[in-house]
Amino acid sequence: MNAFYKDKKKWYTEQILNCTQSLYRLAFGLLHNEEDASDALQEALCTGYEKLDTLREASRFRPWMMKITANAAYDILRQRHTLVSLDEVEEMAQREDTVSRTDCISLKEAVDSLPSEYQTVVILFYYEDMTARQISEIIGVSEGLVRTRLSRARQMLRKIWKEQ
C-alpha cells in the first residue's frame, strides 16, 4: 500500500466521487451506448481498486483512471466488433432513409461521427480539459500524435459542418 493513503477503500471512494462523471463521459463517448458505458465504468472501477497499489503518485489518479476506463471501453469495442446486432443494422438503415443531408447536425453527433481514435482525443481535450501530455499517457501514444489527431479531428469537424 502506498504512503499517500492510509485507508485504501476510503481514499479510493473519495477520488472516484470526484471523477465519476468524467470517466462515464469518456466511456460513453467511445461506446455510444449507455449500457456498455456503464459496464466499462464498472469494470474500470473494479480494476482501479484492484491495481491501486500500482499508482505511484496520488496526483496522477484521474489520468490513471481515465486510462483504465479507456482500456475497458476498448475491450468492449473489440468484443462488439465480433458481433453485430440485427437491430443495430436495421436502426442504421432507417436513420439513413429518414435523415436528409440538409438536417442540422449537433456537435455531439459530429464528434460521434469521427473515427474512435479522433473521438477519444476530442473528448479528453475539449470535454475533460486534459493536456496533450495527459492524453498521450492515457491512450498510450506520443504527445505529437495526440496533437496530430486533434488537428485532423478539427479538420474533419469543419468538413462535416460545411457539408450541412
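Residues numbered from 1 in each chain as written. Predicted model: local features only at pLDDT ≥ 70, side-chain atom pairs only at ≥ 80, totals over all residues. Heavy atoms only, no water.

### Re the overall build of the protein chain
Counting its regular elements, the protein chain contains 8 helices and 0 strands. Counting every position in the protein chain, which comprises 164 residues, the buried fraction comes to 36%. Considering only contacts in the protein chain between residues 6 or more positions apart, those separated by 24 or more positions represent 69%. (Helix = DSSP H or I, 4+ residues; strand = E, 2+ residues; numbered from the N terminus. Buried < 20%, exposed > 50% of the residue type's maximum accessible area, 1.4 Å probe, protein only. Contact = heavy atoms within 4.5 Å.)

### Things to note about the packing of helix α1 (residues 8–31) against helix α6 (residues 116–127)
Where α1 contacts α6, the axes come no closer than 9 Å and their chain directions differ by 155°. In terms of orientation, α1 lies roughly antiparallel with respect to α6. Helix-helix and strand crossings are classified by hand; for α1 and α6 the assignment is right-handed. Facing α1, whose interface residues are R25, L26, G29 and L30, α6 presents S116, Q119, T120, I123, L124 and Y127. Tallied by class, residues from the contact of α1 with α6 come to 5 nonpolar, 4 polar and 1 charged. (Axes fitted to C-alpha atoms, helices over the stretch in contact; angles between N-to-C directions. Parallel < 35°, antiparallel > 145°, perpendicular 65-115°, else oblique. Left-handed = near helix turned anticlockwise from the far one by under 90°. Nonpolar A, V, L, I, M, F, W, Y, C, P; charged D, E, K, R; others polar.)

### Comments concerning unusual backbone geometry
Backbone geometry at H32 places phi at a positive 60°, although glycine is not the residue there. Tracing the backbone through its elements, the reader meets H32 in the loop between α1 and α2 (34–50). On the basis of relative accessibility, which here comes to 33%, the residue H32 falls in the partly exposed class. Positive phi values are uncommon outside glycine, yet D129 reaches one of about 50°. Topologically, D129 is positioned in the loop between α6 and α7 (132–139).

### Considerations on the nonpolar core
Generally speaking, soluble globular proteins have nonpolar side chains that are buried together. Counting residues in each nonpolar core, the largest one holds 36 residues, and the members touching the most others are L23, F61, M65 and L124. Looking at this core, the elements that each hand over two or more residues are α1, α2, α3 (61–82), α6, α7 and α8 (143–163). The dominant element in this core, judged by the number of residues it contributes, is α3, at 10 residues. In contact with L23, not counting residues within four places along its chain, are I16, L41, L45, M65, M66 and T69. (Core = buried A, V, L, I, M, F, W, Y, C linked by side-chain atoms within 4.5 Å.)

### Some words on a nonpolar patch on the surface
Taken together, the side chains of L107, Y126, Y127 and W161 present a nonpolar region at the surface, about 410 Å² in accessible area. By secondary structure assignment, the location of W161 is in helix α8. Relative accessible area serves as the criterion here: at 39%, W161 is assigned to the partly exposed category. (Patch = residues over 30% accessible without salt bridge, like charges linked within 9 Å, V, L, I, M, F, W, Y side chains within 5 Å. Areas by Shrake-Rupley, 256 points an atom, 1.4 Å probe, with all protein chains shown as cover. Salt bridge = Lys/Arg side-chain N within 4 Å of Asp/Glu carboxyl O.)

### A closer look at the confidence of the model for the protein chain
Scored by pLDDT, the protein chain comes out at a mean of 81, with 80% of its residues at no less than 70. Here helix α4 (residues 86–98) stands out as the element of the protein chain with the lowest mean pLDDT, 50, in contrast to α2, whose mean of 94 is the highest. Of the regions scoring below 50 in pLDDT, residues 96–104 engages in 7 contacts with residues more than four places distant in sequence or in other chains. (pLDDT = per-residue confidence, 0-100.)

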